[in-house]
Amino acid sequence: AARIVALPATAARRGDRRRDRSSRASATRSDDDGVRSSPSSTPSSSSSSSFDVAEPWVPSRRAALLSAASGSASAVVLPGAPTLAIPSYNVTLAKLDKEARDRHAAQPLAPTQEQAKAATKRIHKGLAAQGEELTAVGAGALSLSPMGIGTWSWGNQFVWGYDESMDPELQSVFNAAVDAGVNLFDTADSYGTGNGLDGRSEVLIGTFLRRCPSPKVDGVCVATKFAAYPWRITRESVVRAARESCERLGKESVELGQLHWSTGNYQPLQERALWGGIADAYDLGLIKAIGLSNYGPKQLRKIHAYMSERGVPIATLQVQYHLLSRFPELNGTRETCDELGIRTIAYSPLALGLLTGKYSTETPPPGLRGFAYKDVLPPLPSLLDCMRAIGRERGKTLPQIAINWCLCKDTTPIPGVKTMRQLEDNLGALGWRLSEGEVAELDAAAEKVGRSTSQNIFQTA
């Protein structure tokens, strides 16, 4: 192994020019001797065994970022070092000026207001065939499909076992969802774990947007979340996070920018910086609407008062909401959202797979999920039996019943999807509604379970 020391951009460019001049001089001497230089003799293809390195080296974090900034995940070539292949998709620093200008110049012009409205109408027409409607949020800034797609699993190795071989099917999932009228895709700058996969979910969505053949793609609303990392303690750091998300997504602005969680429980001073930063990002046009995640009613009222003073509407609030997590109904979150005109987005509507019927005490979920939900699995069958009985009468699957329950609670569910089969199943939740009696029956069955899935550790009161 060897160590690459990442040089500043200007030094790197000077080194590139010196290496180019050296290569041309070497090629000239070889031609004079009647010998043509072979490709293997160029610096970028030298093997580590033929390259004299004084010290051991490993790729630095900066090296991987420079590779990602070039728009390629293939290799890093720095002055004085051999080629190093690094599969990095982490683009968390601002791009080098030249690369940023080149990329923006190559981007298509943003759609006009008339084109955006036309795209929204196309999506609405597809949903209307199923009796569905778009929901206006953020004082009319956005119109969301009744169901969206969560993309936590897109790039996450630790919990979801992501692998790059999944990308072609994920592109097919994206294309089919857009064509079916789904226009909400939820992601986050923290989605993507594993070597070189930071921000991978945003990168994938940006790629899928550019490659999607559906004319409805112009109406897609991307919702991303900005993590309250310990080093994001200033308003400017949140604005910078919004810019970096735009770069990974390949967009001039993101439709819905959200604070991933509140720091009110443990760092209230940072909380005010987060509020001010996301409002600044909104004023700068980096995000078209503001959303929140994991806020309870008490903290929700506080941030609403702050945003109201700045004249900034809050469009949405994401909370964990499903048959095994009904706390938003019980702690006043839903009531507060309705009072303040904030749309509730229900994340994990399938309880991370528990409501699909494929897990039990004998076959628990793999990895971390199996450990986290070991106490919920024993009493779960009674609720699944109730869901199956209703599903048999309606010809619906367990996931369709679970998602439709969220729709009946007047929320926007965002189930995670990794395969075309899962997408087709989830789409079957649209175009119909459970009766009031069926919803009440499911509520009663959920109460009898007597257990709730654990809440997000950052969920506030």
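Read on for a plain summary of the structure. These figures come from a predicted structure and were not determined experimentally.

Some points on the layout of surface pockets
Next up, step 1: Looking at the largest pocket, its volume works out to about 1,400 Å³.
Next up, step 2: Listed by contribution, the elements that provide at least two residues to the lining of the largest pocket are α5 (157-160), β8 (314-320), α13 (367-372) and α16 (420-427).
Next up, step 3: A per-class count over the lining of the largest pocket returns 21 nonpolar, 21 polar and 7 charged.

Concerning the pairing of strand β6 (residues 254-259)
Regular strands have side chains that alternate between both faces of the sheet.
Next up, step 1: The buried fraction of β6 amounts to 6 of the 6 residues, a majority that puts the element mostly inside the structure.
Next up, step 2: Where strand β5 (residues 221-226) and β6 come together, 4 bridges link them in parallel fashion. Each bridged residue has a counterpart across the sheet, and for K225 the counterpart in β6 is Q258.
Next up, step 3: Following the chain from β5 across helix α8 (residues 235-249) to the adjacent parallel β6, one finds a crossover that is right-handed.

Notes on the sheet that holds strand β4 (residues 184-186)
Next up, step 1: Pairing is parallel across the open sheet formed by 8 strands, whose spatial order is β3-β4-β5-β6-β7-β8-β9-β10. Edge positions in the sheet fall to β3 (149-150) and β10 (412-414), since each has one partner strand and no second.
Next up, step 2: Pairing geometry for β4 and β5, over 3 bridges, is parallel. Pairing of D186 across the sheet is with A223, part of β5.

What about the nonpolar core?
Next up, step 1: Residues M307, L383 and M387 are the most contacted members of the largest nonpolar core, which totals 93 residues.
Next up, step 2: Per element, the largest residue contribution to this core is 7 residues, and it comes from helix α15 (residues 398-408).
Next up, step 3: Excluding residues within four positions of it along the chain, M387 makes contact with L323, L355, L398, I401, A402 and L442.
Next up, step 4: V137, L144, A289 and A315 belong to the second-largest nonpolar core, a separate cluster that totals 12 residues.

A few points about the packing of aromatic side chains
Next up, step 1: A complete count under the given rule lists 7 aromatic pairs for this structure.
Next up, step 2: Residues W275 and Y306 carry aromatic rings whose centres are separated by 5.7 Å and whose planes lie at 45° to one another, so their mutual orientation is tilted. With W275 in helix α9 (residues 268-283) and Y306 in helix α10 (residues 297-310), this pair connects stretches of sequence that are 31 residues apart. Assigned by exposure class, W275 and Y306 land together as buried.

Things to note about a nonpolar patch on the surface
Next up, step 1: On the surface, a cluster of nonpolar side chains totalling about 390 Å² of accessible area is made up of F158, L368 and F371.
Next up, step 2: If you trace the backbone, F158 turns up in helix α5.

Description of the pattern of salt bridges
Next up, step 1: Summed over the entire model, instances satisfying the criterion amount to 19 salt bridges.
Next up, step 2: In this structure, the salt-bridge partner of R235 is D280, at a minimum N-O distance of 2.9 Å. Remark: D280 occurs in helix α9 and R235 occurs in helix α8; sequence separation between them is 45 residues.
Next up, step 3: Notably, a salt bridge pairs R310 with D280, separated by 2.8 Å at the nearest N-O pair. Residue R310 is found in helix α10, and its partner D280 is found in helix α9; the two are separated by 30 residues along the sequence.
Next up, step 4: On the basis of relative accessible area, D280 is assigned to the buried category, the value being 15%.
Next up, step 5: One continuous salt-bridge network, built from bridges that share partners, spans R326, E329, K409, D443 and E447.

Conventions we followed
Residues numbered from 1 in each chain as written. Predicted model: local features only at pLDDT ≥ 70, side-chain atom pairs only at ≥ 80, totals over all residues. Heavy atoms only, no water. 1 Å grid on protein atoms, 1.4 Å probe; cavity = no way out; pocket = protein on both sides within 12 Å on 5 of 7 lines; lining within 4 Å. Points joined across faces, edges and corners; volume = space filled by probe spheres on them. Helix = DSSP H or I, 4+ residues; strand = E, 2+ residues; numbered from the N terminus. Nonpolar A, V, L, I, M, F, W, Y, C, P; charged D, E, K, R; others polar. Buried < 20%, exposed > 50% of the residue type's maximum accessible area, 1.4 Å probe, protein only. Pairing = 2+ DSSP bridges. Right-handed = clockwise from strand over helix to strand, strands pointing away. Core = buried A, V, L, I, M, F, W, Y, C linked by side-chain atoms within 4.5 Å. Contact = heavy atoms within 4.5 Å. Phe/Tyr/Trp six-rings, centres within 6.5 Å; stacked < 30°, edge-to-face > 60°. Patch = residues over 30% accessible without salt bridge, like charges linked within 9 Å, V, L, I, M, F, W, Y side chains within 5 Å. Areas by Shrake-Rupley, 256 points an atom, 1.4 Å probe, with all protein chains shown as cover. Salt bridge = Lys/Arg side-chain N within 4 Å of Asp/Glu carboxyl O.

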